[in-house]
Amino acid sequence: MSRSDTTLPSPHKIVVANWKMHGNLARNHTLVDGYLQGLKSLSQADVVICVPYPYLAQIQSLLSETHVAWGAQNLAKYEEGAYTGEVSAGMLCDFGAQYVIIGHSERSTAYCESDENIAEKFMMAKRHGLTPILCVGETLLEREAGVMERVVGKQLETIIRLFGGEAFANSIVSYEPIWAIGTGLAASAEQAVAMHQFIRDTVSAADKSAADTLKILYGGSVNPQNAVQLLNQQEIDGALVGRCSLNAEQFIKICQAVPENSVV
Ligand code: PGA
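Below you will find a few notes about this structure. Being a predicted model, the structure only gives us computed values, none of them experimental. The numbering scheme is per chain: residues are counted from 1 as the chain's sequence reads. Local features in a predicted model are, by the rule used here, given only for residues with pLDDT of at least 70; side-chain atom pairs are given and counted only at 80 or more, and totals for whole chains, interfaces and linings are based on all residues. Computation of side-chain values covers all heavy atoms of the structure but excludes hydrogens and water.

**Brief notes about the pattern of salt bridges**
Opposite charge on two side chains permits them to pair, given that their charged atoms come into close proximity.
Reasoning step 1: In what follows, salt bridge is the name for a side-chain nitrogen of Lys or Arg lying within 4 Å of a carboxyl oxygen of Asp or Glu. One pass over the structure, following the stated rule, counts eleven salt bridges.
Reasoning step 2: Notably, a salt bridge pairs Lys 77 with Glu 120, separated by 4.0 Å at the nearest N-O pair. Of this pair, Lys 77 sits in the loop between β3 (69-72) and α3 (89-94) while Glu 120 sits in helix α5 (residues 115-127); the two residues are 43 residues apart in sequence, bridging distant segments of the chain.
Reasoning step 3: The shortest N-O distance in the salt bridge between Lys 253 and Glu 249 comes to 3.6 Å. Of the two residues, Lys 253 and Glu 249 are both situated in helix α11 (residues 248-256); the distance of four residues between them amounts to about one turn of the helix.
Reasoning step 4: The network of salt bridges with shared partners includes Arg 107, Glu 113 and Lys 121. Helical segments are the DSSP runs of H or I of at least four residues, strand segments are the runs of E of at least two, and each set is numbered from the N terminus.

Dropping the structure here:
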């Protein structure tokens, strides 16, 4: 269930749908109807839908009376001003968004976003009471070279250096190996768990109490089959789901893979 009515962190694992640049008014409506139907009998997970900007008003009206929360896939690092084409944190809040994906590799690669830029967006989200979902992860070359922890560590350290470890309190980090996104080749539970432990240890070294309230998700080719093993790992607090979130049946199966009574 969403934590819209409380400031306390929810104890549930969380499944985030990232629709990316998919959808239209009619398809969104059908997809959300499918989600809501399937989620009626599901209470063990929090569910969040991150939509393209133009559909924030639609998703607000579809989800306002439900326990499902929503968010966006990016935001500007500025409050407001002459930044043509940008969307501010305040605008997202106007449409009831509670979450925002930050630093997704499909953006950082295509639009050359630096770690510093991503860190500023992260803090902008926090300042507005939005929960940032910070994406971190390595390329295949980096994994093969064995430097994945160095790469992910640098992404986290940039935020720690600029804003302190406390910035991670009640935030979300999603481990998204770039080689696993949209490829059908998910990380193994073992690979994900090892990186999740590294992420929590890195944040904990900077601020132990912030690390205790941080949720760490896994993203990258999550599907109904691999979700069972991934979401049963204690270190994995949820999933960020791209392709399979565009199919209500598959998305619900992923949500159902969250074990009953699991607590993060
Ligand atoms: P995918 O996308 O599930 O399609 O691999 C995941 C993501 O981009 O977070």
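**Some thoughts on α11**
Reasoning step 1: Only protein chains enter the accessibility calculation, which uses a 1.4 Å probe; a residue whose area is less than 20% of its type maximum is buried, one above 50% is exposed, and one in between is partly exposed. If you check which residues of α11 are buried, you get Ala 248, Phe 251, Ile 252, Ile 254 and Cys 255. The buried residues of α11 occupy an angular sector of 155° when the element is viewed end-on, so they sit on one face.
Reasoning step 2: Turning to α11, the residues buried within the fold contact β1 (13-18), α1 (25-39), β2 (45-50), α10 (224-231) and β8 (238-241).
Reasoning step 3: Its side-chain oxygen 3.0 Å from the backbone nitrogen of Glu 249, Asn 247 forms the N-cap of α11. By construction, the arc corresponds to the directions joining the helix axis to the C-beta atoms. Throughout, a residue-residue contact means that at least one pair of heavy atoms, one from each residue, lies within 4.5 Å. Polar contact is the term for a pair of N or O atoms within 3.5 Å; when the atoms are in protein, one must be able to donate a hydrogen and the other to accept it, and sequence-neighboring residues count only if both atoms are side-chain atoms.

**Examining the sheet that holds β8**
Two modes of strand pairing occur in sheets, parallel and antiparallel, and in both the strands are linked by backbone hydrogen bonds.
Reasoning step 1: What the eight strands build is a closed barrel, ordered β1-β2-β3-β4-β5-β6-β7-β8; its pairing is parallel. Across the sheet, the mean angle from the axis of one strand to that of its neighbour is 25°, orientation sign disregarded.
Reasoning step 2: Only when DSSP finds a minimum of two bridges between them are two strands counted as paired. Pairing between strand β4 (residues 99-102) and strand β5 (residues 131-136): four bridges, direction parallel. Bridge pairing in β5 places Ile 101 opposite Ile 133.
Reasoning step 3: Docked against the sheet, helix α2 (residues 56-63) engages β2 and β3, running at close to 175° with respect to β3. For every element, the axis is a line fit to its C-alpha atoms; helices are fit only across the contacting stretch, and the angle between N-to-C directions ranges from 0 to 180 degrees.

**Overview of the site of the ligand**
Reasoning step 1: All residues in the neighbourhood of the ligand are listed as Lys 20, His 104, Glu 176, Ala 180, Ile 181, Gly 182, Gly 220, Ser 221, Leu 240, Gly 242 and Arg 243.
Reasoning step 2: His 104 is positioned with one of its side-chain polar atoms (N or O) 2.6 Å from an oxygen atom of the ligand.
Reasoning step 3: In this structure, Glu 176 approaches the ligand through a side-chain N or O atom, which is 2.8 Å from an oxygen atom.
Reasoning step 4: Coverage of the ligand by the protein chains reaches 97% of its 280 Å² of free accessible surface. Any residue with a heavy atom lying within 4 Å of a molecule or strand is counted as near it. For every accessible area listed, the method is Shrake-Rupley and the probe measures 1.4 Å; residues are considered covered only by the protein chains on display.

**Re the environment of Gly 219**
Reasoning step 1: Structurally, the position occupied by Gly 219 is in strand β7 (residues 215-219).
Reasoning step 2: Accessibility expressed as a relative area gives 0% for Gly 219, which makes it buried.
Reasoning step 3: Placed 130 residues apart in sequence, Gly 219 and Ala 89 show a C-alpha to C-alpha distance of 24 Å.
Reasoning step 4: Here Gly 219 is in contact with Ser 174, Tyr 175, Glu 176, Pro 177 and Leu 240, once residues within four sequence places are set aside.

**Some details on the packing of α5 against helix α7 (residues 148-163)**
Reasoning step 1: Across the interface, α5 lies against α7 with an axial gap of 9 Å and an inter-helix angle of 60°. As summarised for this structure, α5 and α7 are arranged oblique, according to the angle between their axes. As α5 runs across α7, the sense of the crossing is right-handed. Two secondary-structure elements touch here, α5 through Asp 115, Glu 116, Ala 119, Glu 120, Phe 122, Met 123 and Arg 127 and α7 through Lys 154, Gln 155, Thr 158, Ile 159, Arg 161, Leu 162 and Phe 163. Reported orientations rely on four angle classes, namely roughly parallel under 35 degrees, roughly antiparallel over 145, roughly perpendicular from 65 to 115, and oblique for the rest. Throughout, a crossing is termed right-handed when the near helix is turned clockwise from the far one, and left-handed when it is turned anticlockwise from it by less than a right angle.

**Here we look at the side chain of Gln 44**
Reasoning step 1: Looking at the element boundaries, Gln 44 is found in the loop between α1 and β2.
Reasoning step 2: The exposure class assigned to Gln 44 is buried, which follows from its relative accessible area of 8%.
Reasoning step 3: Ignoring sequence-local partners within four residues, the contact set of Gln 44 consists of His 12, Lys 13, Cys 255, Gln 256, Val 258, Pro 259 and Glu 260.

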